[in-house]
Every structure is written in C-alpha cells, then in structure tokens.
Amino acid sequence: MPLFGGATVTGINFDNAASTPPLTRVRDVVNRFSDLYSSVHRGTGYKSRLSTEAYEQSRDLVAKFLGVDEKDQVVIFVKGTTDALNRIAAEEARLDGRQVLVTEMEHHADLLPWRHRSGHVMVGLSDEGHIDLDAIEQALKEAGGKISLVALCGASNVTGFVSPIHEVAELAHRYGARISVDAAQLAPHHRIEVRPADDPGHLDFVSLSGHKMYAPYGAGVLVAPRDFFAGAPEVMGGGAISIVTWDDTVWADLPDREEAGSPNVIGAVALGVAIETLRELGFDEMLDYELALGRRMLEGLSRIERVSVLGGVEPCTAAGRLALAGFVVDGMHHGMVASALSHEWGIAVRHGCFCANPYVFHLLHMSRDDVDAVEGEVNAGRRKALPGAVRASLAPYNTEAEVDRFLEAVAHIARGRIKASYEQAADGTFAPSGGWPRIPSPLHAVVKR
Ligand SMILES: Cc1ncc(COP(=O)(O)O)c(C=O)c1O
C-alpha cells in the first residue's frame, strides 16, 4: 500500500467484519470452475449437468454445515444476509397483526425490513450493550402472543458480542414465536447448529453472506422452515414454477420456488468450498487463535490513554465475543483516526456507525435529545454531525505482529502524532489534503482511453 511520504508497505487488513478476501482454495476452484460453468437445472449439455451437480452439492454442504434436516427446513441461495432477511420480512408482512421482536443491537438489515414491512417491537440492552434476556421475555409476555418472530444477530458487527441464540430461541418458542438469526458475523467464526425441530433451542431461520466468509462472489444463504412459504413467492420469474398457463400459475416445490431467475452458481460453489475449507481448518482452532489476537488487541487498546472500547473489553471468551473492537479516541473524529491509520500506517479499518445506528447511539450513551439534534443536522444535509467509532475486526490470517503494529499506530494517533494534514468532506469523511494517493483500478488494464 502507498503511504503518506511515498513509502510502500504490506497492508494490514483489520476490516474483516465488512468483507473478507477469498481463500486461496476458493479462488482456485472458482478459476477452474469458470471454464466448466454453464446454466443450471434445465441444460442437457455436459457443462450444464456438471454445474447443476456442483450447485446442488454446495447446497448439501451448507445443509451439513448448519445441521439442517432438509425434511423440515430448506436451504435457499440468496444474494446475502440483507436479501435473506428482506425475504423473511416479505412473508411475515402477510401475517396480519403479528409483530417481530428485535433488539437495539441489530444491523439495519435486521431492523428496517421488519420496521417497514411487518412492524416491530424493539427491546433494549444492558448498559454495556449486551442482550437482556429478561427484557426479551417481558416483551414476549406483554405482547400476548402477537409476536410471531424474534430477530436477533448471532454476533454484533459493532462490539463483536456473541448473542445467546439458543437461549433466546427457547424463549421465543415458549411464547409461540419463531427465531431468525442474522448470522452474517457469527458464521465465519463459530460452528452454528440449527438443531432438530423438537429441540426447544432450535433455530428456525439462519441468514449468512458468502463475502464475509472468504467467498466474495455474491452468494449467501437463507435457511427457513419449509412450511413458512405460502402463496406466491416474493420474487417471481423463471425456474420458480411447475407450469404457467394463459391464466394460471403453479409454483414449483422448494427451493426452486424461492430461487426465481438464473442463480449465482459460481457464488454458491465458492461458498460451498469456503465452508468445507473452514471445517477442515477447524472452527475451534481458528477461534482460539483469533481470540488470543483479540485479547491482545482489546487489552492493548484499553492501555492507550484517550482510547475507549465500545461496550468495554470484557468478556473476551469464545462464548462472549468475536475478535473485534469498536473504539473511540477522545476528542478526535472517528473518520480522522481511520484515515490516518490507512494513509500513514497502511492499516484498513472501518469507521462510522456500521449500519447499526441505534446500537452505536446506545453505546455512546446518547440521549433521545442528542439523537434528535443529530437527526436535525443530518436532515439539513450536515452529515458531519453523525457520531461514530472506529472498528478493527480480525480474521485467522491476521498475526500478533499486525496487532502490535496497529496498537502502536493507535497510540501515536491518540497522542496527536499525525504527520499528514486532512480535510473533512461534507459527508463527514476525512481525506488527506491534496487527495489520496492514486489507486490503480484493475479496470485500467481493460478500459481503452
Ligand atoms: C450483523 C450484520 N447483519 C447483516 C449484514 C448485512 O450483510 P450483507 O451486506 O452481506 O447483506 C451485516 C453486514 O455488515 C452485518 O454485519
């Protein structure tokens, strides 16, 4: 990566919660498979038959990975977690008068579809930003059977806190609701088990994204109960039907009826290879390694003056947290810290509210009046007013040396030792005065001037 001052360094990627690079094996299989790729399901050619087999084999790998019993549940290939959650919400919206219970911790993908389609009840969290089981139970009780679904993230993309998904599932089932787990952040790090339907802690819906688990080729997964889908599917088109006459439509069986249009075969195959590779590497071993790095990072951050970690540094156990830290530097804009980390140290992080505004407002201890004031500023076009934090999120390919370099960088920045000058744009982001070093896009080699 080019740095301020002209030097070049090997970059450090601490932005894995946003997206991950492909595993080498995933990339190699995708490259080889590209020569054999063709349309799936209806083609009789050799490549079509081979592609269909690979696509369905990936579905089986996903089912095996999550412990799905395909009699009760179905594995549907979708674009990603956002797509999966919106599809659940579209079906939920048809259940008149029923509501979805969400927590204040949710990513906007696990909040807005419910808010704007089916209606929701939002429950609060503990002060430090942990799931509050009592509050969830109370809300379920008060709703008197009106809540049909509890929507919860498996792990937060802001604090890395891991949710007690099976305990929440038990509560949901006790009060006649189902549970939907947004596993975008959990699936790359933890072995998730949906468990059999007669287990009170079983998971009804699981959504995940391939690009967050080393298969960034545009496919994700929705696991859902087979009996959930009734009436016409939300997305309609080719492949989803048994027969269409001049005035009648007969929908196909699952999963086809929920996969209208030409599916992303390469993405699904990439996801299957990634899952199989992670299983071979061993989730427990990877998590142990990641958490050792995570602890080093959290403890290191807590020792730097003017730095505070959102939600605190505890717990840092496998059951409690991912190797992820959201943090603020007192008196310094989060965008400034992130830009200096990139421009002066070659370290990639993310900053802002991480598509989880209510949770970040909670963690920053903002009152309703504070938030109203910010909303007013943003409505007036002044996005600079948006508060936020910096997030460093680790993966098993990161190293201790990288964590130490990151801590050194944050310590320098927090002491005000910033070499370049930066300017804040109207959208709140910071760029070096004079602009970022030019980045050669791979398209430059293709596009003729
Ligand atoms: C917790 C959580 N849920 C949902 C999403 C949305 O995932 P995607 O953008 O892959 O649809 C994200 C993405 O950052 C996330 O972190």
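Values in this document were obtained by computation on a predicted structure and should not be read as measured data.

Participant: Explanation requested: the sheet that holds strand S14 (residues 350-352) in the structure shown.
Facilitator: What links the strands of a sheet is backbone hydrogen bonding, and the strands pair in either a parallel or an antiparallel sense. In space, the 4 strands of this open sheet follow the order S11-S12-S15-S14, with antiparallel pairing throughout. The sheet is open, and its two edges are formed by strand S11 (307-309) and S14, each paired on a single side. In this sheet, adjacent strand axes meet at a mean angle of 30° when their direction is disregarded. Bridging between S14 and strand S15 (residues 389-393) involves 3 bridges; their strand directions are antiparallel. When the bridges of S15 are listed, Gly352 appears paired with Ala389. Each of S11, strand S12 (324-329) and S15 touches helix H12 (residues 400-414); the most contacted strand, S12, lies at about 15° to it.

Participant: Is there a simple way to think about the sheet that holds strand S2 (residues 73-78) in this case?
Facilitator: An order of S2-S8-S7-S6-S5-S3-S4 is seen for the 7 strands of this open sheet, with the pairing classed as mixed. For this open sheet the edge positions go to S2 and strand S4 (120-123), each flanked by a neighbour on one side alone. Across this sheet, the average inter-strand angle for adjacent strands is 20°, counted without regard to direction. Judged from the 4 bridges that link them, strand S7 (residues 205-209) and strand S8 (residues 220-225) form a sheet pairing that is antiparallel. Paired with Val206 across the strands is Val223, a residue of S8. Where helix H2 (residues 46-66) meets the sheet, it contacts S2, S7 and S8, and its direction lies at approximately 125° from that of S2.

Participant: Looking at this structure, I do not really get the packing of helix H1 (residues 24-34) against helix H7 (residues 265-281). What am I missing?
Facilitator: Direction vectors running N to C along H1 and H7 enclose 145°, while the axes themselves pass 9 Å from each other. H7 is crossed by H1, and the crossing has right-handed handedness. Residues Arg25, Val26, Val29, Val30, Phe33 and Ser34 of H1 form the contact with H7, whose participating residues are Val265, Ile266, Val269, Ala270, Val273, Ala274, Thr277 and Glu280. By residue class, the composition of the contact of H1 with H7 is 10 nonpolar, 2 polar and 2 charged.

Participant: How should I be thinking about the site of the ligand in this particular structure?
Facilitator: Around the ligand, a shell composed of Thr81, Thr82, His107, Ala109, Asn157, Asp182, Ala184, Gln185, Ser209, His211 and Lys212 is seen. Note that a nitrogen atom of the ligand is positioned 2.5 Å from one of the side-chain N or O atoms of Asp182. Against a free-state accessible area of 390 Å², the protein chains account for coverage of 85% of the ligand. Here the residues of the shell around the ligand are counted per class, giving 2 nonpolar, 7 polar and 2 charged.

Participant: Help me understand the side chain of His166, please; the structure alone is not making it clear to me.
Facilitator: Among the secondary structure elements, His166 is positioned in helix H6 (residues 165-174). On the basis of relative accessibility, which here comes to 18%, the residue His166 falls in the buried class. Excluding its chain neighbours within four sequence positions, the residues that come into contact with His166 are Glu193, Arg195, Gly201 and Leu203.

Participant: Got a minute to help me understand empty space enclosed by the protein in this structure?
Facilitator: If you roll a probe as big as a water molecule over the atoms, it shows you where there is empty space left. Counting across every chain of the model gives 3 cavities of 30 Å³ or more. In this structure, the largest cavity occupies an estimated 80 Å³ of space. Considering the residues around the largest cavity, the lining is formed by Val40, His41, Arg42, Tyr55, Gly238, Gly239, Asp256, Glu259, Gly261 and Pro263. The class makeup of the residues in the lining of the largest cavity is 3 nonpolar, 4 polar and 3 charged. Taken as a whole, the second largest cavity encloses approximately 50 Å³ of empty space. In terms of lining residues, the second largest cavity is bounded by Asn16, Ala17, Gln185, His189, Leu322, Ala323, Leu324, Ser393 and Leu394.

Participant: Got a minute to help me understand a nonpolar patch on the surface in this structure?
Facilitator: Taken together, the side chains of Leu443, Val446 and Val447 define a hydrophobic patch exposed on the protein surface, amounting to about 290 Å² of accessible area. Relative to the elements of secondary structure, Leu443 occurs in the segment after strand S17 (430-432).

Participant: Would you mind going over helix H3 (residues 81-92) with me for this structure?
Facilitator: An α-helical segment advances 3.6 residues per turn. Residues three or four places apart therefore align on the same side. Taking 1.5 Å as the rise per residue, H3 with 12 residues should run 16 Å; its terminal C-alpha atoms sit 16 Å apart, in good agreement. The buried fraction of H3 is high, at 10 of 12 residues. For H3, the set of buried residues is Thr81, Asp83, Ala84, Leu85, Arg87, Ile88, Ala89, Ala90, Glu91 and Glu92.

Participant: Would you take a moment to explain unusual backbone geometry for this structure?
Facilitator: What you tend to see is this: most non-glycine residues have negative phi, and most peptide bonds are trans. The amide bond that connects Leu254 to the next residue, Pro255, takes the cis arrangement and shows omega of 0°. Positive phi, close to 70°, is recorded for Arg195, a residue that is not glycine. Note on placement: Arg195 falls in the loop between strand S6 (178-182) and S7. A relative accessible area of 32% means that Arg195 is categorised as partly exposed. Unusually for a residue other than glycine, Tyr214 sits at a positive phi of about 70°. With respect to the secondary-structure elements, Tyr214 resides in the loop between S7 and S8.

Conventions adopted
- Residues numbered from 1 in each chain as written.
- Predicted model: local features only at pLDDT ≥ 70, side-chain atom pairs only at ≥ 80, totals over all residues.
- Heavy atoms only, no water.
- Pairing = 2+ DSSP bridges.
- Helix = DSSP H or I, 4+ residues; strand = E, 2+ residues; numbered from the N terminus.
- Axes fitted to C-alpha atoms, helices over the stretch in contact; angles between N-to-C directions.
- Contact = heavy atoms within 4.5 Å.
- Left-handed = near helix turned anticlockwise from the far one by under 90°.
- Nonpolar A, V, L, I, M, F, W, Y, C, P; charged D, E, K, R; others polar.
- Near = heavy atom within 4 Å.
- Polar contact = N/O pair within 3.5 Å; in protein donor to acceptor, adjacent residues only side chain to side chain.
- Areas by Shrake-Rupley, 256 points an atom, 1.4 Å probe, with all protein chains shown as cover.
- Buried < 20%, exposed > 50% of the residue type's maximum accessible area, 1.4 Å probe, protein only.
- 1 Å grid on protein atoms, 1.4 Å probe; cavity = no way out; pocket = protein on both sides within 12 Å on 5 of 7 lines; lining within 4 Å.
- Points joined across faces, edges and corners; volume = space filled by probe spheres on them.
- Patch = residues over 30% accessible without salt bridge, like charges linked within 9 Å, V, L, I, M, F, W, Y side chains within 5 Å.
- Salt bridge = Lys/Arg side-chain N within 4 Å of Asp/Glu carboxyl O.
- Expected span 1.5 Å × (residues − 1).

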